[in-house]
Amino acid sequence: MKRALFIDRDGTIIREPADEQIDSLEKLEFVPGAISALAALKRQGWELVMVSNQDGLGTPSFPEDTFWPAHNKMLATLEGEGVVFDNQLIDRSFPHENLPTRKPGTGMLTEYMNGDYDLASSFVIGDRMTDLQLAENLGAKGLRLGSEETPGWEDILREVMGKQRRAVIERKTAETDVTVVLDLDRKGVCDIDTGLKFFDHMLSQLPHHGGFSLEVKCKGDLEVDEHHSMEDVAIVLGQAFTAALGKKEGIERYGFALPMDECKAMVLIDLGGRFAFEWDVPFTREYVGDTPTEMYKHFFQTLAYNMGANLHVTARGENNHHLIEGVFKAFARSLKAAVRRDLFSHETPSSKGIL
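Quick summary incoming for the structure in this document. Because the structure is a prediction, the values reported are computed rather than measured.

Each value, and the rule that gives it
- Residues numbered from 1 in each chain as written.
- Predicted model: local features only at pLDDT ≥ 70, side-chain atom pairs only at ≥ 80, totals over all residues.
- Heavy atoms only, no water.
- Pairing = 2+ DSSP bridges.
- Helix = DSSP H or I, 4+ residues; strand = E, 2+ residues; numbered from the N terminus.
- Axes fitted to C-alpha atoms, helices over the stretch in contact; angles between N-to-C directions.
- Contact = heavy atoms within 4.5 Å.
- Phe/Tyr/Trp six-rings, centres within 6.5 Å; stacked < 30°, edge-to-face > 60°.
- Buried < 20%, exposed > 50% of the residue type's maximum accessible area, 1.4 Å probe, protein only.

## What about the sheet that holds strand 9 (residues 213-220)?
Pairing is mixed in the open sheet, where 4 strands are placed in the order 6-7-9-8. Sheet topology places strand 6 (166-172) and strand 8 (190-193) at the edges, where each strand pairs with a single neighbour. Along the sheet, successive strands turn relative to each other by an average axial angle of 5°, direction set aside. In this sheet, strand 9 lies alongside strand 8 in parallel orientation, the contact comprising 4 bridges. Counted as the bridge partner of Ile192 is Val216 from strand 9. Where helix 8 (residues 227-245) meets the sheet, it contacts strand 6, strand 7 (176-183) and strand 9, and its direction lies at approximately 35° from that of strand 7.

As structure tokens, then:
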């Protein structure tokens, strides 16, 4: 199903003058960031629909021919930057007429409400509360430019495009039942439960130091040993990263090293789609907490394979707890650097043009 962005005009794409009428070219002024953000959204494949109230357009007090030159100049400027609206819906009634075609009424949008559109995944973008009400009436998400959450167009862009870098992966076998929920552009959610307390502690370092949200649930045959649970978590987590990254457009791709008390850990990562793995982390204990130290090499190797990543891990230290925690933190920081995305870029970070 198709997704659409229903975008207000005055105050959202172009500045609204004091008299609220864009009736001359001299009044035409774009909202900062609007053109570049709309171009980025268009490149990402969003359908753009302009939905605007124009009070009394075409009446004797406001002749239609005073409106269109500025409007057409706006469209021509946007087209020059790759922004072409798929549809323009402009209501010409006065507020007191209270017609169903006037926002927040949905009269102009019946083709989208009855068509092949995923409105729950679509957005209404505007600068007024009526735009948010329109979103509610449509069953879409609403974003208000100038609000505390989205003060500018870059914030709008982050909200719209950030929803795309989320993955939910489930894997159920005779040995384990694993679910991973990963959101690369949302911070603050960390819910880990694998049945292995020290492993949970290590996995929790990833969202805290990687700047993303992560939920991991695993029910495994721990009465056998830890191997199946740790391996299958690595498989599903790697698949979640692959799914969330998608085409990897605009990402940094590479990443990081850090100290952990008396230990130092270095993690080099390339999200280039090719698997390679190097591990140089000498442990002096068989277990840390309730997890065997030998499993951490296998965990990261399995994770890298399922991410399609080049991963090199080196660490040195005396305290084995610090040693493996340093590795997880360095891996998290490496990921944070590598998955960071330029919202205004649609380029794939490879000379081949594909990752």
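## Concerning the packing of aromatic side chains
Scanning all chains against the criterion turns up 13 aromatic pairs. Summarising the aromatic geometry, the rings of Phe275 and Tyr305 are spaced 5.4 Å apart at their centres and angled 80° between planes, so their arrangement reads as edge-to-face. One end of the pair, Phe275, is in the loop between strand 11 (263-270) and strand 12 (276-280); the other, Tyr305, is in helix 9 (residues 294-307), with 30 residues separating them in the sequence. Relative to Phe328, the ring of Tyr296 has its centre 5.8 Å away and its plane inclined at 90°; by these criteria the two rings are edge-to-face.

## Quick look at unusual backbone geometry
The residue after Lys103, namely Pro104, is reached through a cis peptide bond having omega 10°. Considering the arrangement of structural elements, one finds Pro104 in the loop between strand 3 (87-91) and helix 3 (110-113). Positive phi is not limited to glycine here, since Arg253 has a value of about 80°. Along the chain, the position of Arg253 falls in the loop between helix 8 and strand 10 (257-260). For Arg253, a relative accessible area of 8% translates into the label buried.

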